[in-house]
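Take a look at the letters that make up each chain.
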Amino acid sequence: FPIMSGLVLGGQETTLKKTGRRVTFPQRDINKLSYYLYCVTVGVGLDIIKDDLVDYRNAHRLPSSRQDAIFELAVADFSPDVFIDKLIYLDPQGALCGGTSNEFYSVTQVQSLLAIQRQVVIGGQKTQVAKIMVFRKVWLDQNYVTPLKRNRRRVNRVLNRAQKRKEAAADDALASILAGLLIAAAKDK
């Protein structure tokens, strides 16, 4: 991997070693969303999504229900606002991306360049920040925004179904609590 030495940023001399690699995958919307999920989780050291959903080379081969799970995770749980300025950083001029639309770095290599939090909570889990990704706007547009726009109906259907599941789970939990209270009240008599 190329190393850039003697780079002066923010008044500090820094040595950077890019840790990313070029990848190729089918340019289908589902593969792009899977790649987005891979980058914002596995790529930055978080192993919190089932492997088949971040297998961006084969996401188009998943059954429809698993593809729906990719859409749901991308929108409901792992949207860019969860990660931006925590694990992924916009690089508008491409100074850190170089000739690519995104790049990965170890935190110790870029700590003097960006205000990086040492711990973040993602997906309900507290984690140490070990890697980050920098990206150009085009990367987010190609791998997140455009695929979601082109699949707006599917996204709405998936999110509506997810909302109904959550409501049903809440109803079940409430019914269980009420049943427990009734049983406890009956025992007290």
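Use the structure listed above.
For clarity, every value in this text was computed on a predicted model and none was experimentally measured.

Here the focus is the overall build of the protein chain. Per the secondary structure count, the protein chain includes 6 helices and 7 strands. For the protein chain, buried positions account for 39% of its 189 residues. Expressed as a percentage of contacts within the protein chain between residues at least 6 apart in sequence, the contacts between residues at least 24 apart total 69%. Within the structure as shown, the protein chain displays about 11,000 Å² of accessible surface, and the carbon and sulfur contribution to it stands at 53%.

Another aspect to go through is a nonpolar patch on the surface. Taken together, the side chains of Leu174, Ile177, Leu178 and Leu181 define a hydrophobic patch exposed on the protein surface, amounting to about 390 Å² of accessible area. Overall, the relative accessible area of 54% leaves leucine 181 in the exposed class.

It is worth spelling out helix α2 (residues 64–77) at this point. Quick reminder: α-helices carry 3.6 residues per turn. Residues three or four places apart thus point the same way. With 14 residues, α2 should cover 20 Å at 1.5 Å per step; its first-to-last C-alpha distance of 19 Å lies within 8% of that length. Every buried residue belonging to α2 is among Gln67, Asp68, Ala69, Ile70, Phe71, Glu72, Leu73 and Ala74, and all of these are buried.

We now examine the packing of helix α1 (residues 29–40) against helix α5 (residues 137–150). How two helices sit against one another is set out by the angle between their axes and by the gap between those axes. Between α1 and α5, whose axes approach to 9 Å, the crossing angle comes to 130°. Considered as vectors, α1 and α5 are oriented oblique to each other. In the crossing of α1 with α5, the sense of the turn from one axis to the other is left-handed. Touching Asp29, Lys32, Leu33, Tyr35, Tyr36 and Cys39 of α1 are Trp139, Leu140, Gln142, Asn143, Tyr144, Pro147, Leu148 and Arg150, all from α5.

A separate point is α5. The axis of α5 is deflected most strongly, by about 30°, at tyrosine 144, and proline proline 147 appears within four residues downstream. Taken together, the buried positions of α5 are Trp139, Leu140, Asn143, Tyr144, Pro147 and Leu148. Contacts made by the buried residues of α5 are with α1, α2, α3 (80–83), β4 (102–106), β7 (131–135) and α6 (152–188).

Once their charged atoms are close, side chains differing in charge can pair, the charge on each being opposite to the other. Tallying each qualifying case throughout the model produces 7 salt bridges. The shortest N-O distance in the salt bridge between arginine 161 and aspartate 68 comes to 2.6 Å. A residue pair is termed long-range when its members are at least 10 positions apart, and arginine 161 in helix α6 and aspartate 68 in helix α2 qualify at 93 residues. Among the residues examined, aspartate 68 registers a relative accessible area of 6% and is labelled buried. Sharing partners across several salt bridges, the network here consists of Asp68, Arg154, Arg157 and Arg161.

This part covers the side chain of serine 34. Relative to the assigned elements, serine 34 resides in helix α1. Each residue touching serine 34, except ones within four places of it in the same chain, is listed here: Leu53, Val54, Asp55, Tyr56, Ala59 and Ile70.

Let us look at the pairing of β4. Counting buried positions over the 5 residues of β4 gives 4, a clear majority of the element. Pairing between β4 and β7: 5 bridges, direction antiparallel. If you follow serine 106 over to β7, its bridge partner there is lysine 131.

For the rest of this paragraph, the subject is the packing of aromatic side chains. Ring pairs (aromatic) are described by centroid distance and by the angle formed between their planes. Throughout the structure, instances matching the rule amount to 9 aromatic pairs. For the pair tyrosine 36 and tyrosine 144, a centre-to-centre distance of 4.6 Å together with 45° between the ring planes defines the contact as tilted. Of this pair, tyrosine 36 sits in helix α1 while tyrosine 144 sits in helix α5, and the two are 108 residues apart along the sequence. Accessibility expressed as a relative area gives 0% for tyrosine 36, which makes it buried. Centre to centre, the rings of phenylalanine 78 and phenylalanine 83 are 6.0 Å apart; their planes meet at 25°, and the pair counts as stacked. We classify phenylalanine 83 as buried; its relative accessible area is 0%.

Calculation rules
- Residues numbered from 1 in each chain as written.
- Predicted model: local features only at pLDDT ≥ 70, side-chain atom pairs only at ≥ 80, totals over all residues.
- Heavy atoms only, no water.
- Helix = DSSP H or I, 4+ residues; strand = E, 2+ residues; numbered from the N terminus.
- Buried < 20%, exposed > 50% of the residue type's maximum accessible area, 1.4 Å probe, protein only.
- Contact = heavy atoms within 4.5 Å.
- Areas by Shrake-Rupley, 256 points an atom, 1.4 Å probe, with all protein chains shown as cover.
- Patch = residues over 30% accessible without salt bridge, like charges linked within 9 Å, V, L, I, M, F, W, Y side chains within 5 Å.
- Salt bridge = Lys/Arg side-chain N within 4 Å of Asp/Glu carboxyl O.
- Expected span 1.5 Å × (residues − 1).
- Axes fitted to C-alpha atoms, helices over the stretch in contact; angles between N-to-C directions.
- Parallel < 35°, antiparallel > 145°, perpendicular 65-115°, else oblique.
- Left-handed = near helix turned anticlockwise from the far one by under 90°.
- Bend = angle between axes of the 7 residues up to and from the residue.
- Pairing = 2+ DSSP bridges.
- Phe/Tyr/Trp six-rings, centres within 6.5 Å; stacked < 30°, edge-to-face > 60°.

What is shown is where atoms sit, not what they do.
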